[in-house]
Number of protein chains: 2
Amino acid sequence: MLGRTYDNEVCSIARSLEIVGERWSLLIIRNALFAGVTRFGDFQKRLGVATNVLTTRLDGFVEAGIMSRNSGSGGVEYHLTDKGRDLRGVLIAFTDWGDRWQAPAGRPIIYRHDDCSGEVHSSIRCDVCGGKPDAVTASKGPGMPEEKWSHRTD
Amino acid sequence: MLGRTYDNEVCSIARSLEIVGERWSLLIIRNALFAGVTRFGDFQKRLGVATNVLTTRLDGFVEAGIMSRNSGSGGVEYHLTDKGRDLRGVLIAFTDWGDRWQAPAGRPIIYRHDDCSGEVHSSIRCDVCGGKPDAVTASKGPGMPEEKWSHRTD
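### Considerations on the overall build of chain A
- Regarding its fold elements, chain A presents 7 helices and 5 strands.
- Walking chain A from its N terminus toward its C terminus, one meets helices and strands in the order α-α-α-α-β-β-α-α-β-β-β-α.
- Seen through its principal axes, chain A has C-alpha atoms that stretch 55 × 40 × 30 Å.
- Here chain A, with 154 residues, has 37% of them falling under the buried criterion.
- Considering only contacts in chain A between residues 6 or more positions apart, those separated by 24 or more positions represent 37%.

Put into structure tokens, the structure is as follows:
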């Protein structure tokens, strides 16, 4: 676990941010996922991130089970685990939002499905009606302690 | 704009993180979006975030067009704009990932579609074949300068 900033929060968003919410985290994962970067020096060169920060992030990813550290033929390599690769939904959701609101010169990157070259986007959907819901409400799940939930409405 | 940490990056993920990638940002937006919080004191009480940090975040959100600051009957209120509300896809993507990988006691929160009470989840989909793609490749979009793109493969 990288940070314990949100220790008081019983929330999957907060728990996710404890692992990937630090500065540079999601861009390191982006480079691993979509540019195939595996080596410390390549992450460093492409991102221009300070080496001490990069070391802390990669160590934290290994500790959190996002990446594995292996000795390859040319030295140490970092590879995303299934848990790490599963973050692509978050990355593509960020991309879509940034493309809609922060890309005045057009979309820098387009994600394409390898099988058919179609564009890949993130969306929210309702499991029951299949629609893209306008109105969504957060309700208590089984992992929420009663006292935390009632505190929400204090 | 909150930070200029990723100034060198032509990337919608990086641009999104410049606006909502700072500590507490997404949890403030979560509380606005799903708990209907609008007042400084309520954000502060629920999150336990330091007042100077909260001030910086809310000012930054207003500057970036994520929130508007209005004078209501009981004082200053912060309301998400369309751009801010559009972050719910990112928040739900984070929730789904955290639920899958960081929720040993079960999901704390379940998002439901107001119209039919169905569960709401985030997913990526291919625009052409409609499938949930396993293999996705990042390709150059119109907003990516040629020299930046070729640098990627140096």
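### Section: the interface of chain A and chain B
- The interface is formed by 72 residues belonging to chain A together with 72 residues belonging to chain B.
- Among the elements of the structure, helix 1 (12–20), helix 2 (25–34), helix 6 (88–101), strand 3 (109–113), strand 4 (120–126) and strand 5 (136–140) of chain A are those that each provide at least two residues to the side of chain A that touches chain B.
- Element by element, the count of residues in the side of chain A that touches chain B is highest for helix 6 of chain A, at 14 residues.
- Taken together, the residues that form the side of chain A that touches chain B break down as 36 nonpolar, 19 polar and 17 charged.
- Examined bridge by bridge, strand 4 of chain A and strand 4 (residues 120–126) of chain B share 7 bridges and lie antiparallel to one another. By the bridge assignment, A:Ser122 is partnered in strand 4 of chain B with B:Ile124.

### Quick notes on the pairing of strand 2 (residues 75–80) of chain A
All names here are of chain A.
- Pairing geometry for strand 1 (residues 67–72) and strand 2, over 6 bridges, is antiparallel. Across the sheet, residue Arg69 finds its bridge partner in strand 2, namely Tyr78.
- Once strand 1 ends, the chain turns through 2 residues before running back antiparallel as strand 2.

### Considering the relation of the copies chain A and chain B
- Overlaying chain A on chain B yields an RMSD of 0.0 Å, the required transformation being a rotation through 180° with an accompanying axial translation of 0.0 Å. One copy is carried onto the other by what is essentially a two-fold rotation axis.
- Of the interface residues in chain A, 100% have counterparts in chain B that sit at the interface too, so the contact is made through matching surfaces.

### A short note on unusual backbone geometry
All names here are of chain A.
- For Trp24, which is not glycine, the phi torsion reads 80° and is therefore positive.
- Among the structural elements, Trp24 can be located in the loop between helix 1 and helix 2.
- According to the C-beta neighbour criterion, Trp24 is buried, with 21 such atoms within 10 Å.

### Details of the packing of helix 3 (residues 40–47) of chain B against helix 4 (residues 51–63) of chain B
Residue and element names in this part refer to chain B.
- In the contact formed by helix 3 and helix 4, the axes pass within 11 Å of each other and the chain directions differ by 125°. Classified by the angle between their axes, helix 3 and helix 4 sit oblique to one another. In terms of crossing hand, the pair formed by helix 3 and helix 4 is right-handed. Across from Phe40, Phe43 and Gln44 in helix 3, the residues of helix 4 making contact are Thr51, Leu54 and Leu58.
- Of the residues assigned to the contact of helix 3 with helix 4, the class counts are 4 nonpolar, 2 polar and no charged.

### Quick look at the confidence of the model for chain A
Residue and element names in this part refer to chain A.
- In the predicted model, chain A carries a mean pLDDT of 93, and 95% of its residues have values of at least 70.
- Least confident of the elements in chain A is helix 7 (residues 146–152), whose mean pLDDT is 81; most confident is helix 5 (residues 82–85), at 98.
- With pTM at 0.94, the complex prediction returns an ipTM value of 0.94.

### Thoughts on the environment of A:Asn70
Residue and element names in this part refer to chain A.
- Take Asn70: it is sitting in strand 1.
- Between the C-alpha atom of Asn70 and that of Thr38, which follows or precedes it by 32 residues, the distance is 9.8 Å.
- The contact partners of Asn70, leaving out residues within four places of it in the chain, are Glu77 and His79.

### As for helix 4 of chain B
- Here helix 4 of chain B spans 18 Å end to end across 13 residues, near enough to the 18 Å set by a 1.5 Å rise per residue.
- Two residues or fewer past helix 4 of chain B, B:Gly65 is found with a positive phi of approximately 80°.

### Let's talk about the environment of B:Asp7
- Its place among the elements puts B:Asp7 in the segment before helix 1 (12–20).
- On a C-alpha basis, the gap between B:Asp7 and B:Glu18 in space is 8.8 Å, while along the polypeptide they are 11 residues apart.

### Observations regarding the environment of A:Gly65
Residue and element names in this part refer to chain A.
- Note on placement: Gly65 falls in the loop between helix 4 (51–64) and strand 1.
- Once the C-alpha coordinates of Gly65 and Glu147 are considered, the two residues, 82 residues apart in sequence, prove to be 30 Å apart.
- Among residues more than four places away in sequence, those in contact with Gly65 are Thr81 and Lys83.

Cut-offs used in this document
Residues numbered from 1 in each chain as written. Chains lettered and ligands numbered in written order. Predicted model: local features only at pLDDT ≥ 70, side-chain atom pairs only at ≥ 80, totals over all residues. Helix = DSSP H or I, 4+ residues; strand = E, 2+ residues; numbered from the N terminus. Buried ≥ 20, exposed ≤ 12 C-beta atoms within 10 Å, placed from the backbone. Contact = placed C-beta atoms within 7 Å. Nonpolar A, V, L, I, M, F, W, Y, C, P; charged D, E, K, R; others polar. Pairing = 2+ DSSP bridges. Least-squares fit on C-alpha atoms with pLDDT ≥ 70 in both. Axes fitted to C-alpha atoms, helices over the stretch in contact; angles between N-to-C directions. Parallel < 35°, antiparallel > 145°, perpendicular 65-115°, else oblique. Left-handed = near helix turned anticlockwise from the far one by under 90°. pLDDT = per-residue confidence, 0-100. Expected span 1.5 Å × (residues − 1).

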